[in-house]
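Chain residues, written in single-letter form:
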Amino acid sequence: MRSRRQGGWVPSGRGFWAVSLPVCFCFRLVALGSLPAFSDDSFINQHIVDASPSPQAWRPPASVIATTNEVGPEILHRAEAGEPAAQLALAQGWLRERGRHNPAETAQWCRKAAEHGSAAAQVMLGLCYEHGYGVESNLATAFQLYSKAANQGEPEAWYHLGFSYAFGRGVDRDYQKSLQFYRLAAAKDDLPSMHNIGMAFLEGRGVQTNLVEALSWFERAARGGLLDAQRTLLDVESQYTDA
């Protein structure tokens with residue numbers, strides 16, 4: 001299973017090569033009539049992109065980064081006064097930069113911001129529960145927090161819900177619901193969601209197996225700069241070439 005984000009984010013560049021799947025390869029795959037078996041979970045598990053960075057690696061929204069760059073004592077004052085953006089900034093970076101950062105304090109400030117309705121804080125607190133960072137690990141609580149953030153239209157939360165449903169993390173496994181949330185995130189240009197939609201079509205999880213559709217999702221994610229999608233395209237071609 002691959003890590004979705006390096007440092008909690010997806011590079012916006014085009015990667016080491018511009019993806020252009022050869023037309024002859026597409027025609028050759030369609031002409032095969034029967035597809036090589038992907039029922040073995042090993043291929044899927046090796047290529048699925050995991051969007052759950054550790055809380056230490058999570059990259060906050062630009063507005064939070066801007067708040068983090070402000071004068072430290074002012075952030076602390078605003079956080080203690082109940083400002084969610086300042087509370088999240090305090091949890092994400094301010095304490096660590098000043099040598100006072102620890103997991104329990106991170107979770108504490110995340111919780112305060114989440115209770116004030118910050119969708120970004122709800123995502124980060126969900127990651128704390130998912131990874132057991134500053135709190136006892138609890139996937140069900142993580143799922144609930146992702147759901148709260150998703151209800152506010154947070155695309156990263158949609159991804160987490162898609163991933164949770166796909167693997168039964170904190171909720172019963174449901175491939176169709178997983179795809180529903182992946183599609184919501186993909187509509188907001190979330191590249192790992194595009195990639196994992198492709199994996200669903202490749203394996204036939206929640207949808208009928210469709211190689212052409214799978215390749216189209218991989219290519220969209222790869223053109224957006226997701227290196228994992230570029231590697232998946234090469235590996236899928238290798239699977240079919242060897243079949």
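As shown above, the structure is provided for reference.
Quick summary incoming for the structure in this document. Remember, predicted model here, so these are calculated numbers, not experimental data.

Considering the packing of helix 9 (residues 155-167) against helix 10 (residues 175-186)
- Interhelical geometry of helix 9 versus helix 10 gives an angle of 160° and a closest axis separation of 7 Å. When the axis of helix 9 is compared with that of helix 10, the two are roughly antiparallel. Crossing geometry of helix 9 relative to helix 10 is assigned as left-handed. Listed contacts from helix 10 to Pro155, Trp158, Tyr159, Leu161, Gly162, Phe163, Tyr165 and Ala166 of helix 9 are Tyr175, Lys177, Ser178, Phe181, Tyr182, Leu184 and Ala185.
- Looking at side-chain class alone, the contact of helix 9 with helix 10 contains 12 nonpolar, 2 polar and 1 charged residues.

Description of unusual backbone geometry
- Notably, aspartate 189 is not glycine yet its phi reads approximately 70°, a positive angle.
- With respect to the helices, strands and loops of the structure, aspartate 189 is situated in the loop between helix 10 and helix 11 (191-203).

Some remarks on the packing of aromatic side chains
- Overall, the coordinates contain 5 aromatic pairs when judged by the stated rule.
- Judged by centre distance (4.8 Å) and plane angle (35°), the ring pair of phenylalanine 163 and phenylalanine 167 falls under tilted. With phenylalanine 163 and phenylalanine 167 both in helix 9 and 4 residues apart, the pair spans about one turn of that helix. In terms of burial, phenylalanine 163 and phenylalanine 167 fall into one category: buried.
- Note on tyrosine 165 and phenylalanine 181: the rings are 5.9 Å apart at their centroids and 5° apart in plane angle, and the pair reads as stacked. On the criterion of sequence distance, the pair formed by tyrosine 165 in helix 9 and phenylalanine 181 in helix 10 is long-range, its members being 16 residues apart.
- Judged by its relative accessible area of 11%, tyrosine 165 is buried.
- Judged by its relative accessible area of 15%, phenylalanine 181 falls in the buried class.
- Among the aromatic residues, those joined into a ring-pair cluster are Tyr159, Phe163, Phe167 and Tyr182.

Overview of the nonpolar core
- Counting 59 residues, the largest nonpolar core has Leu88, Leu125, Ile197, Leu202 and Phe218 as its most contacted members.
- Among the elements that take part in this core, helix 7 (residues 119-131) stands out by supplying 9 residues, more than any other.
- In this structure, phenylalanine 218 is in contact with His195, Gly198, Met199, Leu202, Ala229, Thr232, Leu233 and Val236, ignoring residues within four places of it in sequence.

Concerning the side chain of serine 118
- Relative to the helices and strands, serine 118 is located in the loop between helix 6 (103-115) and helix 7.
- Once you skip the residues sitting within four places of it in the chain, serine 118 turns out to touch Pro84, Leu88, Ala113 and Gln152.

About the thresholds
Residues numbered from 1 in each chain as written. Predicted model: local features only at pLDDT ≥ 70, side-chain atom pairs only at ≥ 80, totals over all residues. Heavy atoms only, no water. Axes fitted to C-alpha atoms, helices over the stretch in contact; angles between N-to-C directions. Helix = DSSP H or I, 4+ residues; strand = E, 2+ residues; numbered from the N terminus. Parallel < 35°, antiparallel > 145°, perpendicular 65-115°, else oblique. Left-handed = near helix turned anticlockwise from the far one by under 90°. Contact = heavy atoms within 4.5 Å. Nonpolar A, V, L, I, M, F, W, Y, C, P; charged D, E, K, R; others polar. Phe/Tyr/Trp six-rings, centres within 6.5 Å; stacked < 30°, edge-to-face > 60°. Buried < 20%, exposed > 50% of the residue type's maximum accessible area, 1.4 Å probe, protein only. Core = buried A, V, L, I, M, F, W, Y, C linked by side-chain atoms within 4.5 Å.

Read these as layout, nothing more, since geometry by itself doesn't imply function.
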